[in-house]
There are 2 protein chains.
Amino acid sequence: MKYILGVDAGSTKTAAAIADETGKIIGRGNSGPANIHQPDSKKNLKKAIDNALADAGIKAGKFASACFGVAGTDTPKSLKKAKDLVSKIISAENLQVYNDTMLVRPACSDKKYGISVVAGTGSNFYGIDSKGREERVGGLDYLLADEGSAYRIGQQGMNAAVKSYDTRGEKTMIENLLLEKFKVKSIRELANVVYDKNFGKYEIASIAQVVDYAYSQGDAVAKSILSEAAYEIALAINTLITKLELEKEDPSKWDIVATGGEFMSPYPFEEKVREKILANKNNFMVCKTEPVDGAIKLALEGIK
Amino acid sequence: MKYILGVDAGSTKTAAAIADETGKIIGRGNSGPANIHQPDSKKNLKKAIDNALADAGIKAGKFASACFGVAGTDTPKSLKKAKDLVSKIISAENLQVYNDTMLVRPACSDKKYGISVVAGTGSNFYGIDSKGREERVGGLDYLLADEGSAYRIGQQGMNAAVKSYDTRGEKTMIENLLLEKFKVKSIRELANVVYDKNFGKYEIASIAQVVDYAYSQGDAVAKSILSEAAYEIALAINTLITKLELEKEDPSKWDIVATGGEFMSPYPFEEKVREKILANKNNFMVCKTEPVDGAIKLALEGIK
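Here the structure is a predicted model, which is why all the values come from computation and not from measurement. (Residues numbered from 1 in each chain as written. Chains lettered and ligands numbered in written order. Predicted model: local features only at pLDDT ≥ 70, side-chain atom pairs only at ≥ 80, totals over all residues. Heavy atoms only, no water.)

Notes on the packing of aromatic side chains
Here comes step 1: On inspection of all chains with the given rule, the structure shows 13 aromatic pairs over all chains.
Here comes step 2: Considering the side-chain rings of tyrosine 142 of chain A and tyrosine 195 of chain B, the 5.5 Å spacing of their centres and the 40° angle between planes classify their relative orientation as tilted. Residue tyrosine 142 of chain A is found in helix H4 (residues 141-144), and its partner tyrosine 195 of chain B is found in the loop between helix H7 (190-194) and helix H8 (201-206); the two belong to separate chains.
Here comes step 3: Exposure remark for tyrosine 142 of chain A: the relative accessible area of 28% places this residue in the partly exposed category.
Here comes step 4: Taken together, the ring pairs in this structure connect Tyr215, Phe263, Tyr267, Phe269 and Phe284 of chain A into an aromatic cluster. (Phe/Tyr/Trp six-rings, centres within 6.5 Å; stacked < 30°, edge-to-face > 60°. Helix = DSSP H or I, 4+ residues; strand = E, 2+ residues; numbered from the N terminus. Buried < 20%, exposed > 50% of the residue type's maximum accessible area, 1.4 Å probe, protein only.)

What follows is the structure, encoded as structure tokens:
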């Protein structure tokens, strides 16, 4: 029996799946984060694969094909680092290592090309056309390019709360919601919380949930922040459509598949993004399937 | 002879000055940063004062009056920390410890009240009215509220460069200028630079100079970023004018004094901010005097 391995190594968790040569999944395993820049990436990659092997009831050996989608591989240098690391962990006749964004579309779509969208803690956008030409936009993390992400929404939520407090900006309930969330008495005391060494990217992204809640209560400032995020997601998609000239391709052959926490917001991100898409807008969908299943599909394609 | 001490403890350097009881400065000393949250704040405060004492040719003793403006004292807790620290370093019959923003207006103005503006690495805005009522807006550092600061300009410059590169946004020469500044071949490689552990708030703020240069070469994106910063500085000033009802006060009795690296930009910040001020716009000035001279004035007032 030949086995296929798929791995989605993300910034918050890692998922591995093992399939037989028909693509039927026979084992799954999870572990902690394995973004290539995280210190435990090797340990967590290995652990997720070991857990999947145990679940499938098979021993480690040579896989017929394996596909890894690894977060943080946004430069040629970091992608090479991921390939080197993966080669040390497993052996496969056919091995593919990509940025994790690439798994999104195959996980939900059987079409051969199109656009993958990730809008979670960070945001990332990848597209491929019928000739195999690839393009990326954004995907450079919170300092350089995270438009449409939970991080950016959280950051704008904090800024709006301060401006509401000191009357520079419109009043928003995000102000009081942040006091409750962080158990402080005034907005000025938030400085003690957010400049603590344990407060980082993920903590800022968690403020997106506060903005979501404020939106659900009718808060106009929250609505405006979320509306800008939807605009940025659509802008990234439209940029890829234009760069890859997808509007000239047969609309039945490509699609746009999205995933990430943003799409669980009470704000209707799926609808608002779709409205703004310039071409093939009805082929935009939010994927409920795990991206690791996209890795299995890509691994299978590798041996066809 | 009675001596007066003034200290401006900033996030990049500390300046101390010693004056005689007429206010004539007889010694000056400098040292490294002493933002209350920085590890060397005690050492640098002591060093700047010791240097000023040596320059004046006098020995440490009890000062008749002393005034400290300390950066990072944006909450009651951090201001108390600064007061405790200062009390351990010097002894004074009359001791005042404030946020460093408070030194700006007295440094350049003999009027009794008005607004202080700092727009450097960070931004901070403080106002006081004829009844002694104080108000602050912003001044909560780069994550919470740094609108109009070099940090924010640098951050927007980076985001604009990425958007220019991946064609999401308007083309800007900031893109190529960043490649030159950080000696990388592509925008995607910037990730290796900006996520390095040695790249922080000050390095991002240094990108404001790149935006300044692009503006001086006619770059429209750079102009738009700097214009937004001027808008934010004016918004903060106008908010303080409204909160303190300064528009109802005698316009000859109060003024608005600004300092910080922003005002050295080729972009005409002084003119653009003044245009937008709602009341007493002709009393807005950029202060060329060192803020430590404001500390001496406040210390002198303390014994009058």
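Right, picking up where we left off after that structure.
Let's talk about the domain arrangement of chain A
Here comes step 1: Structurally, chain A comprises domain 1 (3-100 + 290-303) and domain 2 (153-222).
Here comes step 2: Between the C-alpha centres of domain 1 of chain A and domain 2 of chain A the distance comes to 37 Å. (Domains from an automatic or database assignment.)

Examining the sheet that holds strand S10 (residues 284-286) of chain A
Residue and element names in this part refer to chain A.
Here comes step 1: Taken together, five strands build an open sheet; the order of strands is S8-S7-S6-S9-S10 and the sheet is mixed. Of all the strands in the sheet, the pair left with one neighbour each is strand S8 (134-138) and S10. When the angles between neighbouring strand axes are averaged without regard to direction, this sheet yields 15°.
Here comes step 2: Bridge analysis of strand S6 (residues 113-119) against strand S7 (residues 123-128) gives six bridges, and the strand direction is antiparallel. Bridged to alanine 119 within S7 is serine 123.
Here comes step 3: Its contacts with the sheet place helix H9 (residues 220-243) against S6, S7, S8, strand S9 (254-259) and S10, and it is angled at close to 155° to S8. (Pairing = 2+ DSSP bridges. Axes fitted to C-alpha atoms, helices over the stretch in contact; angles between N-to-C directions. Contact = heavy atoms within 4.5 Å.)

Digging into the UniProt feature "domain: ATPase BadF/BadG/BcrA/BcrD type" (unreviewed entry) in chain A
Here comes step 1: In the numbering adopted here, UniProt assigns the feature "domain: ATPase BadF/BadG/BcrA/BcrD type" (unreviewed entry) to residues 5-295 of chain A.
Here comes step 2: Across residues 5-295 of chain A, helical content stands at 42% and strand content at 22%; the span's end C-alpha atoms are separated by 8 Å. (UniProt positions renumbered as here; feature names shortened; annotations may be inferred.)

Examining the interface of chain B and chain A
Here comes step 1: At the interface, 39 residues of chain B touch 39 residues of chain A.
Here comes step 2: Carbon and sulfur atoms supply 55% of the area that chain B and chain A bury against each other, a total of about 3500 Å² over both sides.
Here comes step 3: Ranking the residues of chain B by area buried against chain A places Leu144, Arg168 and Arg188 of chain B at the top, with a combined share of 24%.
Here comes step 4: Remark: the boundary between chain B and chain A carries four salt bridges.
Here comes step 5: Residues lysine 163 of chain A and glutamate 232 of chain B are paired through a salt bridge, measuring 2.8 Å at the closest nitrogen-oxygen approach.
Here comes step 6: The tally of links between chain B and chain A comes to 28 residue pairs in polar contact (both at pLDDT 80 or more).
Here comes step 7: When residues of the side of chain B that touches chain A are traced back to their parent elements, those giving at least two are strand S8 (134-138), helix H4 (141-144), helix H5 (150-165), H7 and helix H10 (220-243) of chain B.
Here comes step 8: Partitioning the side of chain B that touches chain A into residue classes produces 18 nonpolar, eight polar and 13 charged. (Buried area = accessible area lost by both parts, 1.4 Å probe. Salt bridge = Lys/Arg side-chain N within 4 Å of Asp/Glu carboxyl O. Polar contact = N/O pair within 3.5 Å; in protein donor to acceptor, adjacent residues only side chain to side chain. Nonpolar A, V, L, I, M, F, W, Y, C, P; charged D, E, K, R; others polar.)

What to know about the pairing of strand S1 (residues 3-9) of chain A
Residue and element names in this part refer to chain A.
Here comes step 1: Where burial is concerned, most of S1 is hidden: six out of the seven residues are buried.
Here comes step 2: Sheet topology note: the S1/strand S2 (residues 14-20) ladder contains seven bridges and is antiparallel. In the strand pairing of S2, leucine 5 is matched with isoleucine 18.
Here comes step 3: Where S1 folds back on S2, the antiparallel hairpin that results is connected by four residues.
Here comes step 4: Here S1 pairs with strand S4 (residues 62-70) via six bridges, running parallel. By the bridge assignment, valine 7 is partnered in S4 with phenylalanine 68.

Here's the deal with the sheet that holds S8 of chain B
Residues and elements named next belong to chain B.
Here comes step 1: Across the sheet, five strands lie side by side as S8-S7-S6-S9-S10; this open sheet has mixed pairing. Of all strands in the sheet, those bounded by a partner on one side alone are S8 and strand S10 (284-286). Put simply, the sheet's adjacent strands are angled 15° from each other on average, direction ignored.
Here comes step 2: In the packing of H10 onto the sheet, contacts are made with strand S6 (113-119), strand S7 (123-128), S8, strand S9 (254-259) and S10, and the angle to S8 comes to roughly 155°.

Quick look at unusual backbone geometry
All names here are of chain A.
Here comes step 1: Unusually for a residue other than glycine, aspartate 141 sits at a positive phi of about 75°.
Here comes step 2: The phi dihedral of glutamate 245 is positive, around 50°, even though this residue is not glycine.
Here comes step 3: If you trace the backbone, glutamate 245 turns up in the loop between H9 and S9.
Here comes step 4: Taking the relative accessible area as the measure of exposure, glutamate 245 reaches 35% and is therefore partly exposed.

Here's the deal with the pattern of salt bridges
Here comes step 1: Under the criterion given, the structure shown has 45 salt bridges over all chains.
Here comes step 2: With its nearest N and O atoms 2.9 Å apart, the salt bridge here joins lysine 80 of chain A to aspartate 84 of chain A. Separated by four residues within a single helix, lysine 80 of chain A and aspartate 84 of chain A lie in helix H2 (residues 76-89), roughly one turn from each other.
Here comes step 3: Through salt bridges with shared partners, one network takes in Asp146, Glu147 and Arg152 of chain A together with Asp166 and Arg168 of chain B.

With respect to empty space enclosed by the protein
Unoccupied space between atoms shows up once a probe the size of one water molecule is rolled over them.
Residue and element names in this part refer to chain B.
Here comes step 1: All told, the structure shown has one cavity of 30 Å³ or more when counted by the stated rule.
Here comes step 2: Size it by volume and the largest cavity reaches roughly 60 Å³.
Here comes step 3: Within the residue set of the lining of the largest cavity, elements represented by two or more residues are H5 and H10.
Here comes step 4: For the lining of the largest cavity, the leading source of residues is H10, giving four residues. (1 Å grid on protein atoms, 1.4 Å probe; cavity = no way out; pocket = protein on both sides within 12 Å on 5 of 7 lines; lining within 4 Å. Points joined across faces, edges and corners; volume = space filled by probe spheres on them.)

Concerning the packing of helix H5 (residues 150-165) of chain A against helix H6 (residues 174-182) of chain A
All names here are of chain A.
Here comes step 1: Running from N to C, H5 and H6 point in directions that differ by 110°, and their axes come no closer than 8 Å. By the criterion of interaxial angle, the relationship of H5 to H6 is roughly perpendicular. In this structure, H5 meets H6 at a crossing whose hand is left-handed. Contact residues: H5 offers Gly157, Met158, Ala161, Ser164 and Tyr165, while H6 offers Ile174, Glu175 and Leu178. (Parallel < 35°, antiparallel > 145°, perpendicular 65-115°, else oblique. Left-handed = near helix turned anticlockwise from the far one by under 90°.)

Quick notes on the layout of surface pockets
Here comes step 1: Reported here for the second largest pocket is a volume of approximately 1000 Å³.
Here comes step 2: Residue lining of the second largest pocket: 40 residues in total, with Gln156 and Glu228 of chain A together with Arg152, Gln156 and Glu228 of chain B positioned closest to the centre.

Some points on helix H9 (residues 208-216) of chain B
Residue and element names in this part refer to chain B.
Here comes step 1: For H9, the full list of buried residues reads Ala208, Val210, Val211, Asp212 and Ala214.
Here comes step 2: Turning to H9, the residues buried within the fold contact H5, helix H6 (174-182), H8 and H10.
Here comes step 3: Note on H9: the residue one or two positions beyond its end, glycine 218, has a positive phi of about 90°.

Structural notes on the relation of the copies chain B and chain A
Here comes step 1: Expressed as a screw transformation, the operator carrying chain B onto chain A has a rotation angle of 180° and an axial translation of 0.0 Å, and the superposed copies differ by an RMSD of 0.0 Å. Look at the turn and shift together and you get a two-fold axis relating the two. Across chain B, the rotation axis passes nearest the C-alpha of leucine 143 of chain B, at a separation of 5.8 Å.
Here comes step 2: Same-surface contact between copies: 100% of interface residues of chain B are shared with the interface of chain A. (Least-squares fit on C-alpha atoms with pLDDT ≥ 70 in both.)

A short note on the state of the cysteines
Residue and element names in this part refer to chain A.
Here comes step 1: Following the criterion strictly, the structure yields two disulfides over all chains and no others.
Here comes step 2: Between the sulfur atoms of cysteine 108 and its disulfide mate cysteine 287 the distance is 2.2 Å. Looking down the S-S bond of the cysteine 108 and cysteine 287 bridge, the torsion is 90°, so its handedness is right-handed. With a gap of 179 residues between them, cysteine 108 in helix H3 (residues 104-108) and cysteine 287 in the loop between S10 and helix H11 (291-303) connect regions that are remote in the sequence.
Here comes step 3: Owing to a relative accessible area of 26%, cysteine 108 belongs among the partly exposed residues under this scheme. (Disulfide = S-S within 2.5 Å.)

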